[in-house]
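Coordinate analysis (summary)
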Amino acid sequence: MDLRESAERMAGYLVPWLPRHARMFYYFRLLGSARFPEIIHIENTNACNAKCIMCPRDELVRPIGAMPMELFQKIIDECATRPEVKEMHLHGFGEALLDKRLAQKLRYAKSKKIRKTYFVTTGSLLTQELGRDLILGGLDAIKFSFYGASKATYEKIQRQLTFETSRDNIRNFFETRKRLGRRNPSVTMQIVPMPENQHEYHDLRAMWEPYLDPACGDHFEDFFLHNWVDGRTYNPRDAWKRQRRISCSMPFHLIQIHWNGDIGPCIYDSNGTLVMGNVSAPGMSIASIWEGETFRAFRAMHRNGEFEKIATCNNCDQLRVVETASPPAPADAPAPVEITVLS
């Protein structure tokens, strides 16, 4: 174990108890690793009933499935013993509400004192009964993806969904929370500005403003278009590869657990090309994978800026560009070798 790893282990005992801004400085600026992931993303299913234009469902090649209850319980049981865990995200590359056991899983997580449970949904499948179960089950936060103030715009972007159904389901959810006298979950209304809806941006905010309750922590969020690694081309990549880049910091404080138990270091790797291990395998745990040689080597490459060794990361728009490096390489210069060392 080198000096940095020794210092990181010592810091790991202190970091979980620091305020959030200090923890984020440790992860983002110092690229220090947590002793155990702080944010756990559990992909309960990667099935989806929509084909949103910015989402690369058409590029998905891994199998569609849902996480078995036994595996979910194994994950929760381990996380419940770790003070490092601050958030449990119950979604991945799919519509979380397609998992018929989502409310049951939520109740199990809260019974184990998981601190913050949260997921993102279009609301298209959110019946009043299911909404009530989620609220009473203790869901802490929910984010609704709603990208058009008119039927034409909404259905142009969030294809295969119906504007009126999603709108009414979300409205009913607000009313159910109010009727139950609950302040949970806090609601985020997410807007992704794009050419298809920018003319309705202010209408979208006006549409949902009357429903948001600041006392519950409700708010709007503008999110950005991104490439899902290489599933879309909203942000250019080639110019960035000629600049100095540093880690996105994800491998230092979070994990994505796919429905089959594969653990990855990235929430945007929709095809699961980066696999650090599988928590469903006998004798395996989140801790053993997080502290294992594969994950430690991956973090070292991120810390050292060796992204050319990881094809998935080298193509990703989530790396942070910090300065302009040398001039562009000549047109006849050999292309860098992209080696996927973890797959």
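Cut-offs applied
The numbers attached to residues start from 1 for each chain and follow its sequence in the written order. Residues qualify for local features only when their pLDDT is at least 70, as the model is predicted, and side-chain atom pairs are given and counted only at 80 or more; totals for whole chains, interfaces and linings, by contrast, use all residues. Note that the side-chain values use all heavy atoms of the structure and ignore hydrogens as well as water. Here, a strand pair is defined by DSSP locating no fewer than two bridges between the strands. Only DSSP runs of H or I covering at least 4 residues are called helices, and only runs of E covering at least 2 are called strands; the numbering of each starts at the N terminus. The cut-offs for exposure are 20% and 50% of the maximum accessible area for each residue type, with area from a 1.4 Å probe on protein chains only; residues under the lower value are buried, those over the upper are exposed, and the others partly exposed. The term polar contact refers here to a pair of N or O atoms within 3.5 Å; inside protein, the definition further demands a hydrogen-donor-capable atom paired with an acceptor-capable atom, and it admits residues adjacent in sequence only when both atoms are side-chain atoms. Here, two residues are considered to be in contact whenever any of their heavy atoms come within 4.5 Å of each other. For salt bridges, the criterion is a side-chain nitrogen of Lys or Arg within 4 Å of an Asp or Glu carboxyl oxygen. What pLDDT expresses is the predictor's confidence in each residue, scored from 0 to 100. In this analysis, axes come from line fits to C-alpha atoms, helices being fitted only over the stretch in contact, and the angle between any two N-to-C directions falls in the range 0 to 180 degrees. Here roughly perpendicular refers to angles of 65 to 115 degrees, roughly parallel to angles under 35, roughly antiparallel to angles over 145, and oblique to all remaining angles. Each crossing gets its hand from how the near helix is turned against the far one by less than a right angle, where anticlockwise is left-handed and clockwise is right-handed. Under this grouping Gly is polar, as are all residues other than the nonpolar Ala, Val, Leu, Ile, Met, Phe, Trp, Tyr, Cys and Pro and the charged Asp, Glu, Lys and Arg. To obtain the arc, one takes the directions from the helix axis to the C-beta atoms.

Pairing in this open sheet of 9 strands is mixed, and the strands run β8-β7-β5-β4-β3-β1-β10-β11-β12 from one edge to the other. If you trace the sheet from one side to the other, it starts and ends with β8 (219-222) and β12 (277-278), each paired once. Bridge analysis of strand β10 (residues 254-257) against strand β11 (residues 262-264) gives 2 bridges, and the strand direction is antiparallel. The residue of β11 that forms the bridge with Gln 256 is Gly 264.

Here we take up the side chain of Glu 43. If you trace the backbone, Glu 43 turns up in the loop between β1 (39-42) and β2 (51-52). For Glu 43, a relative accessible area of 0% puts it in the buried group. At 3.5 Å, the side chain of Glu 43 and the side chain of His 258 are in polar contact. In terms of polar contacts, Glu 43 uses its side chain to reach the backbone amide nitrogen of Trp 259, at 3.1 Å. Contacts of Glu 43, omitting those with residues within four sequence positions, involve Arg 62, Met 67, His 91, Gly 92, Phe 93, Gln 256, Ile 257, His 258 and Trp 259.

Within the structure shown, the criterion is met by 15 salt bridges. Its salt-bridge partner being Glu 84, residue Arg 35 comes within 2.9 Å of it at the nearest N-O pair. You can see Arg 35 sitting in the loop between α2 (20-29) and β1 and its partner Glu 84 sitting in the loop between α3 (69-79) and β3 (87-89), a full 49 residues away along the chain. Looking at Arg 35, the relative accessible area reads 26%, which means it is partly exposed. Residues Arg 82 and Glu 84 are paired through a salt bridge, measuring 3.1 Å at the closest nitrogen-oxygen approach. Each of the two residues, Arg 82 as well as Glu 84, counts as buried. Look at the salt bridges and you will find they share partners, linking Arg 35, Arg 82 and Glu 84 into a network.

Okay, the confidence of the model for the protein next. Confidence in the prediction of the protein, expressed as mean pLDDT, is 91, and 91% of residues score 70 or more. Low pLDDT (under 50) marks residues 325-343, which in the prediction has 28 contacts with non-local residues, meaning those over four places away or in another chain.

For the rest of this paragraph, the subject is the packing of α3 against helix α4 (residues 102-111). Two numbers describe a pair of packed helices, the interaxial angle and the distance between the axes. Taken N-terminus to C-terminus, the directions of α3 and α4 make an angle of 25 degrees; their axes are 10 Å apart at the nearest point. By the angle class used here, α3 and α4 are roughly parallel. As for the relative orientation of α3 and α4, their crossing is right-handed in sense. When α3 is examined against α4, the residues Met 69, Phe 72, Gln 73, Ile 76 and Asp 77 are found in contact with a partner set consisting of Gln 104, Lys 105, Tyr 108 and Ala 109. In terms of residue class, the contact of α3 with α4 is built from 5 nonpolar, 2 polar and 2 charged.

The next subject is α2. Within α2, burial applies to Arg 23, Met 24, Tyr 26 and Tyr 27. Along α2, the residues classed as buried sweep out an arc of 155 degrees about the axis, all on the same side. Turned more than 90 degrees away from the buried face of α2, the exposed residues are His 21 and Arg 29. Positioned one or two residues after α2, Leu 31 has a phi angle of 50 degrees, which is positive.

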